[in-house]
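Next come the chains, spelled out residue by residue.
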Amino acid sequence: MTYDTSNIFAKILRGEIPCHKIYEDEHTLAFMDVMPQVDGHCLVVPKAPSRGLLDANLETLSHVLLTTQKVAAAAIKAMKADGFQIRQFNEAAGGQTVFHLHIHILPMKEGATLKAHSGQMADHALLAEQAKKIRDLL
Ligand code: 5GP
């Protein structure tokens, strides 16, 4: 399986389509998931073109994990969550729908359940508000 530069996250990284940005550095970008499974659901992607976990090099993985840790800490505070999940899907059979490596951060409140993966589009005003809340706590 090869990396296809026409995937939606590559377009976001190139600035061709917008996103509700939370954090960006030289190696990574974090933004809100447009079909959130829970309030504050966000994604961390490397800027390096990796399709999934298996073709990413050690440097890419370490940058992605460091950003995930940083953004998750802010997201759980911003959403007043009690914990969080990180999820990462590989290939269609593994549930992946966008073929650019990404980590899902899902802030979890006690007893909360997740909505469907890639389910319903959220209100953009709400996503913008949540992105700001998370950004403010970074
Ligand atoms: P995957 O199934 O590949 O692990 O997850 C892809 C995620 O990207 C899904 O949770 C889906 O809601 C999200 N997503 C799909 N298209 C877009 C988009 O255009 N913008 C953003 N921000 N998220 C997207």
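From a predicted model like this one, the values you see are computed outputs, not experimental measurements.

1. Concerning the pattern of salt bridges
Here is step 1 of the chain: In this structure the tally under the stated criterion is six salt bridges.
Here is step 2 of the chain: Residue Arg51 is joined to Glu91 by a salt bridge in which the shortest nitrogen-to-oxygen separation is 2.7 Å. With Arg51 in the loop between β3 (42-46) and α2 (58-78) and Glu91 in the loop between β4 (83-87) and β5 (103-108), the pair connects residues that are 40 residues apart, well separated along the chain.
Here is step 3 of the chain: Arg51 sits in the buried class, given a relative accessible area of 11%.
Here is step 4 of the chain: Since its relative accessible area comes to 27%, Glu91 is described here as partly exposed.
Here is step 5 of the chain: Note that Glu129 is salt-bridged to Lys133, the shortest N-O span being 3.7 Å. You can see Glu129 and its partner Lys133 sitting in helix α3 (residues 124-136), four residues apart, about one turn around the helix.
Here is step 6 of the chain: In this structure Glu129 comes out as partly exposed when scored by relative accessible area, which is 43%.
Here is step 7 of the chain: Several salt bridges converge on common partners, so that one network encompasses Lys21, Glu24 and Lys47.

2. Regarding unusual backbone geometry
Here is step 1 of the chain: Despite not being glycine, Lys80 shows a phi value in the positive range, around 50 degrees.
Here is step 2 of the chain: Looking at the element boundaries, Lys80 is found in the loop between α2 and β4.
Here is step 3 of the chain: Judged by relative accessible area, which is 65%, Lys80 ranks as exposed.
Here is step 4 of the chain: The residue Ser118 is not glycine, and still its phi comes out positive at about 55 degrees.
Here is step 5 of the chain: Along the chain, Ser118 falls in the loop between β5 and α3.

3. Describing the packing of aromatic side chains
Here is step 1 of the chain: Scanning all chains against the criterion turns up one aromatic pair.
Here is step 2 of the chain: With a centroid separation of 5.4 Å and 75 degrees between ring planes, the pair formed by Phe9 and Phe31 is classed as edge-to-face. Within this pair, whereas Phe9 is found in helix α1 (residues 8-13), its partner Phe31 is found in strand β2 (residues 28-32), the two being separated by 22 residues in sequence. Phe31 carries the same exposure label as Phe9, and that label is buried.

4. Examining the site of the ligand
Here is step 1 of the chain: Around the ligand, 18 residues are found, and the nearest of them are Asp33, Thr97, His102, His104 and His117.
Here is step 2 of the chain: One of the side-chain N or O atoms of His102 is found 2.8 Å from an oxygen atom in the ligand.
Here is step 3 of the chain: Contacts to the ligand include His117, whose side-chain N or O atom sits 2.7 Å from an oxygen atom.
Here is step 4 of the chain: For the ligand, the protein covers 92% of the area, taking 520 Å² as the surface of the free molecule.

5. Here's the deal with the sheet that holds β3
Here is step 1 of the chain: Strands sit in the order β1-β2-β3-β5-β4 across an open sheet of five strands; the sheet is antiparallel. In the strand order of this sheet, the two ends are held by β1 (21-24) and β4, each with one partner. Ignoring which end each strand starts from, the neighbouring axes of this sheet average 20 degrees apart.
Here is step 2 of the chain: Across five bridges, the pairing between β4 and β5 is antiparallel. Across the sheet, the residue bridging to Gln85 is Leu106, located in β5.
Here is step 3 of the chain: Along the sheet, α2 contacts β1, β2, β3, β4 and β5; its crossing angle with β3, the most-contacted strand, is approximately 160 degrees.
Here is step 4 of the chain: Sitting on the sheet, α3 is in contact with β1 and β2, with an inclination near 35 degrees to β1.

Conventions adopted
Residues numbered from 1 in each chain as written. Predicted model: local features only at pLDDT ≥ 70, side-chain atom pairs only at ≥ 80, totals over all residues. Heavy atoms only, no water. Salt bridge = Lys/Arg side-chain N within 4 Å of Asp/Glu carboxyl O. Helix = DSSP H or I, 4+ residues; strand = E, 2+ residues; numbered from the N terminus. Buried < 20%, exposed > 50% of the residue type's maximum accessible area, 1.4 Å probe, protein only. Phe/Tyr/Trp six-rings, centres within 6.5 Å; stacked < 30°, edge-to-face > 60°. Near = heavy atom within 4 Å. Polar contact = N/O pair within 3.5 Å; in protein donor to acceptor, adjacent residues only side chain to side chain. Areas by Shrake-Rupley, 256 points an atom, 1.4 Å probe, with all protein chains shown as cover. Pairing = 2+ DSSP bridges. Axes fitted to C-alpha atoms, helices over the stretch in contact; angles between N-to-C directions. Contact = heavy atoms within 4.5 Å.

Function-wise, these values are silent; they only describe arrangement.
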